[in-house]
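# Structural overview
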Amino acid sequence: MQQQSNKNLVVGILAHVDAGKTTLAEGILYTCGKIRKLGRVDHKDAFLDNFALERARGITIFSKQAQITLGELNISLLDTPGHVDFSAEMERTLQVLDYAILVISGADGVQGHVLTLWRLLKRYDIPVFLFINKMDQEGTDRERLLQELQTRLDEHCIWCGPEAEECGREEFLDAAAMCSEGLMEEYLESGELSEESIAEAIANRQVFPCYFGSALKLAGVEALLQWIQSKALLPEYPSEFGARVFKIARDNNGKRLTYLKVTGGCLRVKMPLTNASSAESPEEVWEQKADELRIYEGAGYSAVDEVNAGGVCAVTGLACTFAGQGLGYEEENALPVLEPVLTYQMLLPEEWDAISVLGQLRQLEEEEPLLHILWKEEVRELHVQVMGEVQLEILRSLLQERFGIEAAFGTGSIVYKETMAEPVVGIGHFEPLRHYAEVQLLLEPGERGSGLQFASVCSEDILDKNWQRLVLTHLEEKRHVGVLTGSEITDLRIVLLAGRAHQKHTEGGDFRQATYRAIRQGLRSGKNILLEPYFSFTLEVPTEVLGRAMSDVQRMYGCFEVPETMGEMSILRGKAPVATMRDYQREVNAYTRGHGRISVTVCGYEPCHNAEEIVERIQYDPEQDLANPTASVFCAHGAGFLVPKDQVEEYAHMDVQWRPQGAEEGVRSVQGNGLPGGSGRSAPSDYISQEEIEEIFRQTYGKKEVDKHHYRRYHRSGARRVGYEGATGSRGDSYTGKPGETDGRSRPSDKKEAYLLVDGYNIIFAWEELRTLAARNIDSARDRLMDIMSNYQGYLGSTLILVFDAYKVKGNPGSVQQYHNIYVVYTKEAETADQYIEKTVHEMGKKYDVTVATSDGLEQMIIWGDGAIRMSALGLLEAVQHAESQMREAYLDKGQSIHYHPFEEQ
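Residues numbered from 1 in each chain as written. Predicted model: local features only at pLDDT ≥ 70, side-chain atom pairs only at ≥ 80, totals over all residues. Heavy atoms only, no water.

## A closer look at the overall build of the protein chain
Keep this limit in mind: Helix numbers and strand numbers start at the N terminus; a helix is a DSSP run of H or I with at least 4 residues, a strand a run of E with at least 2. Working definition: with a 1.4 Å probe on protein chains only, accessible area under 20% of the residue-type maximum means buried, over 50% means exposed, and in between means partly exposed. Contacts are residue-level and defined by heavy atoms, with any inter-residue pair within 4.5 Å sufficient. Each accessible area is a Shrake-Rupley estimate made with a 1.4 Å probe; only the visible protein chains count as cover when residues are assessed.
For the protein chain, the count of helices and strands is 26 helices and 43 strands. For the protein chain, the residues scored as buried account for 53% of the 906 residues in total. Intrachain contacts of the protein chain at a sequence separation of at least 6 include 69% that bridge at least 24 residues. Of the accessible surface of the protein chain, which amounts to about 40200 Å², a share of 47% is contributed by carbon and sulfur atoms.

## Some thoughts on the sheet that holds strand β42 (residues 849-853)
The test is simple: Criterion used throughout: strands pair if DSSP finds at least two bridges between them. Lines fitted to C-alpha atoms define the axes here, with helix axes fitted over just the stretch in contact, and angles between the N-to-C directions of these axes take values from 0 to 180 degrees.
Across the sheet, which stays open at both edges, the 6 strands sit in the order β40-β41-β39-β38-β42-β43 with mixed pairing between neighbours. Each edge of the sheet is formed by a strand with only one pairing partner; in this case those strands are β40 (815-819) and β43 (869-871). Along the sheet, successive strands turn relative to each other by an average axial angle of 25°, direction set aside. In this sheet, β42 lies alongside strand β38 (residues 754-759) in parallel orientation, the contact comprising 5 bridges. Paired with Leu757 across the strands is Val852, a residue of β42.

## Notes on the packing of helix α13 (residues 465-476) against helix α14 (residues 508-525)
Let me state the cut-off plainly: Relative orientations are named as follows: roughly parallel for angles under 35 degrees, roughly antiparallel for angles over 145 degrees, roughly perpendicular for angles from 65 to 115 degrees, and oblique for any other angle. Throughout, a crossing is termed right-handed when the near helix is turned clockwise from the far one, and left-handed when it is turned anticlockwise from it by less than a right angle. Classification used: nonpolar for Ala, Val, Leu, Ile, Met, Phe, Trp, Tyr, Cys and Pro, charged for Asp, Glu, Lys and Arg, polar for all others including Gly.
Interaxial distance between α13 and α14 falls to 9 Å at its minimum, and their mutual angle equals 55°. Taken together, the axis directions place α13 and α14 in an arrangement best described as oblique. Our pair here, α13 against α14, has a crossing hand that is right-handed. Contacts between α13 and α14 involve Trp467, Leu470, Val471, His474 and Leu475 from the former and Gly508, Phe511, Arg512, Thr515, Tyr516 and Ile519 from the latter. Tallied by class, the residues present in the contact of α13 with α14 amount to 7 nonpolar, 3 polar and 1 charged.

## Description of a negative patch on the surface
Note the cut-off: Patch members must show over 30% relative accessible area and no salt bridge, and they are joined within 9 Å when carrying like charges or within 5 Å when they are nonpolar side chains of Val, Leu, Ile, Met, Phe, Trp or Tyr. In the sections that follow, a salt bridge refers to a side-chain nitrogen of Lys or Arg positioned within 4 Å of a carboxyl oxygen of Asp or Glu. In this tally Asp and Glu are treated as negative and Lys and Arg as positive; neither His nor the chain ends contributes. Positions of charges follow a simple convention, taking NZ of Lys, CZ of Arg, CG of Asp or CD of Glu.
On the surface, a cluster of negative charge is made up of Asp141, Glu143, Glu170, Glu171 and Asp174. At 3 residues, helix α7 (residues 169-177) tops the list of elements feeding residues into the negative patch. Mapped onto the elements, Glu171 comes out in helix α7.

## A look at helix α12 (residues 389-403)
The criterion, for reference: Here the expected length of a helix is defined as 1.5 Å per residue gap, with one fewer gap than residues.
Across its 15 residues, α12 extends 21 Å between first and last C-alpha, which sits within 8% of the 21 Å expected from 1.5 Å per residue. Considered for burial, the residues of α12 that qualify are Val390, Gln391, Leu392, Ile394, Leu395, Leu398, Leu399 and Phe403. Looking one or two places after α12, you find Gly404, whose phi comes out positive at around 70°.

## Quick look at the packing of aromatic side chains
Under the convention used in this document: Each Phe, Tyr or Trp ring, with Trp reduced to its six-membered ring, pairs with another whose centre is within 6.5 Å; inter-plane angles below 30 degrees give stacked pairs, above 60 give edge-to-face pairs, and intermediate values give tilted ones. Charges are assigned to positions over rings by a cutoff of 6 Å between ring centre and Lys NZ or Arg CZ, combined with an angular limit of 35 degrees from the ring normal.
Across all of its chains, the model carries 15 aromatic pairs by this definition. Geometrically, the ring pair formed by Phe804 and Tyr826 is stacked, given 5.9 Å between the ring centres and 25° between the ring planes. With Phe804 in strand β39 (residues 799-804) and Tyr826 in strand β41 (residues 822-826), this residue pair connects regions lying 22 residues apart in the sequence. The class for Phe804 is buried, based on a relative accessible area of 0%. Joined through ring pairs, the aromatic side chains of Phe246, Tyr259, Tyr296 and Tyr301 make up one cluster. The ring of Trp159 has Arg142 lying over it, and the distance from NZ or CZ to the ring centre is 3.5 Å.

## Observations concerning the nonpolar core
For the record, the criterion: What makes a nonpolar core is a set of buried Ala, Val, Leu, Ile, Met, Phe, Trp, Tyr and Cys residues whose side-chain atoms join them at distances within 4.5 Å.
With 48 residues, the main nonpolar core has Met346, Val384, Leu399, Leu539 and Tyr584 as its most contacted residues. For this core, the leading source of residues is strand β29 (residues 528-542), giving 6 residues. The residues contacting Val384, other than those within four sequence positions of it, are Leu342, Thr343, Tyr344, Met346, Leu371, His372, Ile373, Leu392, Leu395 and Phe409. Membership of the second largest hydrophobic core comes to 43 residues, among which are Ala19, Ile28, Ile158 and Phe172.

## Comments concerning the pattern of salt bridges
If you walk through the whole model with that rule in mind, you get 29 salt bridges. In this structure, Arg548 engages Asp552 in a salt bridge whose closest nitrogen and oxygen atoms are separated by 2.9 Å. One end of the pair is Arg548 and the other is Asp552, both in helix α15 (residues 546-555) and 4 residues apart, which spans about a single turn. Look at Arg548 and you get partly exposed, because its relative accessible area is 38%. According to the relative accessible area criterion, Asp552 is buried, its value standing at 4%. One connected set of salt bridges, linked through shared partners, spans Arg548, Asp552, Arg555 and Glu587.

## Points about the side chain of Thr316
Position of Thr316 among the secondary structure elements: in strand β16 (residues 312-316). For Thr316, the residues in contact, after removing those within four places along its chain, are Lys255, Arg256, Leu257, Lys289, Ala290, Asp291, Glu292 and Arg294.

## With respect to the confidence of the model for the protein chain
Keep this limit in mind: A score between 0 and 100, pLDDT records how confident the predictor is in each residue.
Within the protein chain, residue pLDDT values average 79, and 81% of them lie at 70 or more. Of all secondary-structure elements in the protein chain, the lowest mean pLDDT belongs to strand β36 (residues 713-716), at 29, while strand β23 (residues 417-420) reaches the highest, 96. Low confidence marks residues 662-750, where pLDDT is under 50. Its contacts with residues over four positions away, or in another chain, come to 235 contacts.

## So, the side chain of Glu418
Counted only if it meets this: Polar contact is the term for a pair of N or O atoms within 3.5 Å; when the atoms are in protein, one must be able to donate a hydrogen and the other to accept it, and sequence-neighboring residues count only if both atoms are side-chain atoms.
Mapped onto the secondary structure, Glu418 falls in strand β23. No salt bridge forms around the buried Glu418; measuring N to O, its nearest opposite-charge neighbour Arg520 is 7.0 Å away. Among the polar contacts made by the side chain of Glu418, one reaches the main-chain amide nitrogen of Val483 at a distance of 3.0 Å. Excluding residues within four positions of it along the chain, Glu418 makes contact with Gly482, Val483, Leu484, Thr485, Gly486, Ser487, Glu488, Ile489, Thr490, Ile529 and Leu530.

## Regarding unusual backbone geometry
You will see that Arg205, though not glycine, has its phi angle at about 60°, which is positive. The topology assignment puts Arg205 in the loop between α9 (195-203) and β7 (208-212). Taking relative accessible area as the criterion, Arg205 reaches 13% and is therefore assigned buried. Notably, His820 is not glycine yet its phi reads approximately 50°, a positive angle. Tracing the sequence through the fold places His820 in the loop between β40 and β41. Judged by its relative accessible area of 5%, His820 is buried.

## Focus: α9
Residue pairs three or four apart in sequence face the same way in an α-helix, which turns once every 3.6 residues. Among the residues of α9, Ser197, Ile198, Ala199, Ala201 and Ile202 are the ones counted as buried. Packing partners of the buried residues in α9 comprise β4 (99-105), β5 (128-133), α7, α8 (181-190), β7 and α10 (221-231). Just beyond α9, the residue with positive phi is Arg205, at close to 60°.

## Side note on the pairing of strand β2 (residues 64-70)
Of all 7 residues that make up β2, 6 are buried, and the element is covered over most of its length. Pairing analysis gives 7 bridges linking β2 to strand β3 (residues 73-79), with the strands arranged antiparallel. By the bridge assignment, Leu70 is partnered in β3 with Leu73. Counting the residues between successive antiparallel strands, the hairpin from β2 to β3 contains 2 residues, one of them, Gly71, with a positive phi of roughly 60°.

## Concerning the packing of helix α11 (residues 354-367) against α12
Put simply, α11 and α12 touch, their axes get as near as 11 Å, and they point 125° apart. Regarding the angle of α11 to α12, the classification is oblique. At the point where α11 passes α12, the crossing takes the right-handed sense. Contacts from Gln360, Leu361, Gln363, Leu364 and Glu367 in α11 reach Leu395, Leu399, Arg402 and Phe403 in α12. When grouped by side-chain class, the residues that make up the contact of α11 with α12 number 5 nonpolar, 2 polar and 2 charged.

## Regarding the environment of Gly509
Mapped onto the secondary structure, Gly509 falls in helix α14. Here Gly509 falls in the partly exposed class, since its relative accessible area comes to 35%. As for Gly509 and Leu470, which are separated by 39 residues in sequence, their C-alpha atoms are 9.5 Å apart.

## Describing the environment of Ala408
Along the chain, Ala408 turns up in strand β21 (residues 408-409). Using a relative accessible area of 36% as the deciding quantity, one classes Ala408 as partly exposed. Separated by 62 residues in sequence, Ala408 and Met346 place their C-alpha atoms 6.0 Å apart. Contacts of Ala408, omitting those with residues within four sequence positions, involve Gln345, Met346 and Leu347.

Okay, structure coming up:
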């Protein structure tokens, strides 16, 4: 069987628990003729809730797929869990959605979890249709609900459907026209809005259509489907194959299933798949064949020969995939937002060995991202981290059903985390006999919720790129723990400042030890903060007990907004620690006599309200944690010896590369010099100002800077890696002698400073090798020229500025970035490289020795008139080749072997 349609659309249904999401899915399937009988959750016969656990509890636990047809549209309908404990299942589905249907209970309004869903939909940039359900229930008020949606979600939520048309077409057009300038202009000119304009506004998240109805009675369902059919725009996909994995599961026979959406080209049976584009290193790359393609419909499926772009299917035969992974051309792996907040010890029957059970738990862990399995070797205990008690009950049932394990769980506790209050340098040294490695890391506080970020600003002259990559790998491979309670560290930017290896004695494992010890030494030397998870809550209580509710929140170390009073009920919104609010529902039921309700969602980590008490209770001793040592190992008289953390700096073989600003002149803070979150990027301007030129010169000589070209993000097990492969000084001039002295390459300091401006694209299309490369990929040619110029600047010693046209890039403000030891300028919109160079030469040509490399004859004449030296593209090529020859001779004279060619990858 083949899936022929190219008009594929993926639509997901999301909701707060008990909003009627599965009932709406049943209504959609019935209206489209997919099922002949409406199933019901309370009757335990819903088409998509086909697992016994789901039917027993009356909730959706696992996302499901069904195929429907609307006109020419082939829609993959994905039903997601609504319970907060299974938010991870919902979140990973968002990665593949083209549109979402957000279901809101008309009886409950906008609950806390709805706000979480709305933030996630915004984060993934998904257009939304809203269906306000249960409008047949007594007490629901459409006008009040619409006002609440506009106030709490987005002011561009507008009432749509036949009833809205009946109440006045003009009123609808007025509301829609207010959603964007384009719609307003069209409405003022013609008095109408075209279907195409409204569809485009919905796709751009400028308009959020709202439908009021009752899924159980099919009221409003057909109107919703008609709007999806007429207003949904089909995405454009490339011809090259790509796919995004969003779920891992197993069928009834235990066969591993990889659920994915094809995001480009066509997926065929027995087609080899690879993660080469998204893998972080060659060792992680795999290639496996898609044995079978399955299109699921509830519990059943049909096998197909191919799936075109936009289609969703389950693939067998893939053993290395994970949720969020990119395949084919997809270069990035997706980052999850949510994380578990409760931890429980797993208590196994005596006949079960913990190690053997661990392997089975790993299967469940890859299927459920918010289930974290921890093996504590020192006490030989299994611990699980989950979102809540409902998820724990489901885990207990799955263990019994799939593996026959009757597990119990201890008393739950909070998952704490640790971070730092201020930057600190950590030094790790590992030098037992015939081993050697030293690492310096800067640990900087990151934004709350940013996780871990890893980077390198270390020069390749100090530490080879391969060793730097190894250090970054060791940073990301482990769950690093703090020194207060032994909890996982987070919200830190860890930067490799410097490192040292031995030509003969250094092995890969040496840098692992040095890296781990550097982190621990830094944590022990700095100021640490204990973090705890917080709930965002919405509490609805009778007004007469509002004072009690406010007092309770304050007692729980929470905070709240100004209460809203709506008749006899009042609504209180705020946040409070999970530790104090996790069991508050029982109290609410008691003092409101069942009339109050609370909804909570995890909103992140904040400083712990009782940190000292928690630290005292846990009694963690970092010096006794043998798996995470803080001391370093040095060598003397042929034997290694331990140096405690407070003496490591005295014994270290390298000077400390960073001090707090003002602590030591000439040693700069990495924050603000190009790292993510810093202020290192220059502001756009028409040309380089005098102050900017002087700042470039000051930073060029003897200063290290971040290589922004190799910036990338990486996620594995909740960590993010921001890699900078290389830094200035890798082949650059680091001469810092006295005035009048030279280092054999630089000019005497009494002469004008020299600058070389290079017209980037002019050079690319003038050099044969780069022109050939550009015919295949212009980005590769540009990157290659940047590398060549970086190497050449190291020989030349002058400040080198490489300019690229970006005048055709709409909205581009222009930027000045540092790449290794050169500066790369991208011109702003409507400005060519010629114009930029001419303005810059006019500004600086009289004060500095300026050379411009270009083969543009007119430009050569103009810059010559402003006092600059002209160099043709061919002349620059000859100069680069001459530099190559001189560098090789210099190294050979020193008895060293070097192979360098400007057009070969280094």
